[in-house]
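For reference, the chains in residue letters:
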Amino acid sequence: MDYQGMIIRPPSEAGSILLQVTLGCSHGKCAFCGAYLNKRFGIKDREIVLRDIEFAARECQRQRRVFLCDGDAMILPHERLTEILSLIRMHLPWVTRVGVYANAKSLKRKSDAELQELRDLGLGIVYMGLESGDDQILKAMNKNGDSAFIVAQGRRVREAGLKLNVTIINGLGGVERSAAHARETARALSEMDPDQVGALSLMLVPGTPLHDQWERGEFEVPDGVGMLTEIREILFGLTLSRGLFLANHASNYLPLKVRLPSGKQAALDRIDQALSGKAVLTPESARRL
C-alpha cells in the first residue's frame, strides 16, 4: 500500500483496510489540530489508488471494511469518489462498509442525491468533527462554519441513510468557556442526533496556534476534574433518539461507553463517583493523542 506521511483513522476503523485517496485536510486551519502540520492537501493519482485496491484484493481478504484516508476524502469530486467506491465494489466484493472523514464544507458540496448515490455504492459511515457547539469557540479555533452550518450538514448525512459519527473535544473552550462549551455542544449534538458521539479530551500539540496561545498564557486548559465536569454537563444535556456516547479514547480521564438514552443515568452516576474521589482518573502520563 502507498502510504504518504502519517495515517490517521478513527479508533473504530482499527481493523479496516486503510485506503489513502487524499493527502492531508482540505481545510487544515483549525487552531487545535496538529494532524497534518507537515502534509499539504492533495488528491492521489488514480493509478496509485487502483494499485492499492488491487493489493488489498490479494492481501486483505479477511478485512470486511474500508476506510478512506486522509482527513477529508469527502472533498473529492463526486465522479472521482463514485469511481473509487465502484472499484472497491468490483475488486473487494466481500467489503460490507466504507467509511470516510468529512467536514461540513465538503458535505455542502454534495447534493442530497449525490449523498444517496454514495450510500448505494457502499459508503456506510461518515465521521465528522463538530468539536464544539459554541460559535465563539468555533470562530476562535478557526473551524469552517458555525454550529448551525455543521448541524445542518450532519442532518443531511442522516437523511441520506448514512451513519453519522460526530467528534467533540472536551476542554476546547478552556477554563473560561467551559460551561458554554458544554451547554452549546449538548444542544448542537441533540439537534444533529448522530448515531455515535466520540468525545476526545484536548491535548495541546506543539506547532499549533492553540499551543502557542497556551504558551503565552492566553489559554488555560481545564484540569482533570474540570474536564470531567464538562463531560458530565454535555451528557446531562444530551438527547439522542438512540446512539452511543463514547469517551473511551486514550486522551480521556474516565473511560465511558454509554448507550443512549437507556444508559445515561448510570453514566452520570459513575461520573459523580469519580468527581467525589471514588474512582481513579487516568493520570496525565498515561493520556495519549
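How each quantity is defined
Residues numbered from 1 in each chain as written. Predicted model: local features only at pLDDT ≥ 70, side-chain atom pairs only at ≥ 80, totals over all residues. Heavy atoms only, no water. UniProt positions renumbered as here; feature names shortened; annotations may be inferred. Patch = residues over 30% accessible without salt bridge, like charges linked within 9 Å, V, L, I, M, F, W, Y side chains within 5 Å. Areas by Shrake-Rupley, 256 points an atom, 1.4 Å probe, with all protein chains shown as cover. Salt bridge = Lys/Arg side-chain N within 4 Å of Asp/Glu carboxyl O. Lys, Arg positive; Asp, Glu negative; His and termini not counted. Charge placed at Lys NZ, Arg CZ, Asp CG, Glu CD. Helix = DSSP H or I, 4+ residues; strand = E, 2+ residues; numbered from the N terminus. Buried < 20%, exposed > 50% of the residue type's maximum accessible area, 1.4 Å probe, protein only. Pairing = 2+ DSSP bridges. Right-handed = clockwise from strand over helix to strand, strands pointing away. 1 Å grid on protein atoms, 1.4 Å probe; cavity = no way out; pocket = protein on both sides within 12 Å on 5 of 7 lines; lining within 4 Å. Points joined across faces, edges and corners; volume = space filled by probe spheres on them. Nonpolar A, V, L, I, M, F, W, Y, C, P; charged D, E, K, R; others polar. Phe/Tyr/Trp six-rings, centres within 6.5 Å; stacked < 30°, edge-to-face > 60°. Axes fitted to C-alpha atoms, helices over the stretch in contact; angles between N-to-C directions. Contact = heavy atoms within 4.5 Å.

The name that an unreviewed UniProt entry assigns to the protein is Radical SAM protein, with the source organism given as Pseudodesulfovibrio nedwellii. Per UniProt, the protein carries the Cofactor (unreviewed entry) text "[4Fe-4S] cluster".

Here we come to a positive patch on the surface. A cluster of basic side chains, namely Arg65, Lys163, Arg242, Lys257 and Arg259, defines a positive patch on the protein surface. Note on placement: arginine 65 falls in strand S4 (residues 65-69). Judged by relative accessible area, which is 35%, arginine 65 ranks as partly exposed.

Another point: the pairing of strand S5 (residues 97-102). Most of S5 sits inside the fold, with six of its six residues counted as buried. Along S5, one buried face is formed by Arg97, Gly99 and Tyr101 and the opposite face, lined by Val98, Val100 and Ala102, is buried too. Pairing of S4 with S5, which is carried by four bridges, proceeds in the parallel orientation. Paired with phenylalanine 67 across the bridge in S5 is glycine 99. You can see the chain leave S4, run along helix H2 (residues 78-91) and come back into S5, and the turn it takes is right-handed. Bridging between S5 and strand S6 (residues 123-131) involves five bridges; their strand directions are parallel. Paired with valine 100 across the strands is valine 126, a residue of S6.

Looking now at empty space enclosed by the protein. Evaluated as defined, the whole model comprises one cavity of 30 Å³ or more. Within this model, the largest cavity holds a volume of roughly 50 Å³. Around the largest cavity sit Asn170, Ser201, Met227, Leu228, Ile231, Ala247, Asn252, Tyr253 and Leu254, which together line it. Among the elements that make up the lining of the largest cavity, the one with the highest residue count is helix H9 (residues 224-237) (three residues). Residues of the lining of the largest cavity, tallied by class, amount to six nonpolar, three polar and no charged.

So, on to the packing of aromatic side chains. Each aromatic ring pair is specified by the distance between its two centres and by the angle formed by the two planes. Inspection of the entire model under this criterion finds three aromatic pairs. Taken together, a centroid distance of 5.8 Å and an interplanar angle of 80° make the contact between phenylalanine 67 and tyrosine 127 edge-to-face. With phenylalanine 67 in strand S4 and tyrosine 127 in strand S6, this pair connects stretches of sequence that are 60 residues apart. Measuring from centroid to centroid gives 6.1 Å for tyrosine 101 and tyrosine 127, while their planes differ by 70°, and the two rings are edge-to-face. Of the two residues, tyrosine 101 is situated in strand S5 and tyrosine 127 in strand S6; the sequence distance between them amounts to 26 residues.

Turning to the sheet that holds strand S10 (residues 257-260), a few remarks are in order. Here eight strands make up an open sheet; going across it, the order is S1-S4-S5-S6-S7-S8-S9-S10 and the pairing mixed. Every interior strand has two partners, whereas the edge strands, strand S1 (17-20) and S10, have only one. Pairs of neighbouring strands in the sheet enclose a mean axial angle of 20°, with direction left out of account. Helix-sheet contacts for helix H6 (residues 147-159) involve S6 and strand S7 (163-170), and the interaxial angle to S6 is about 165°.

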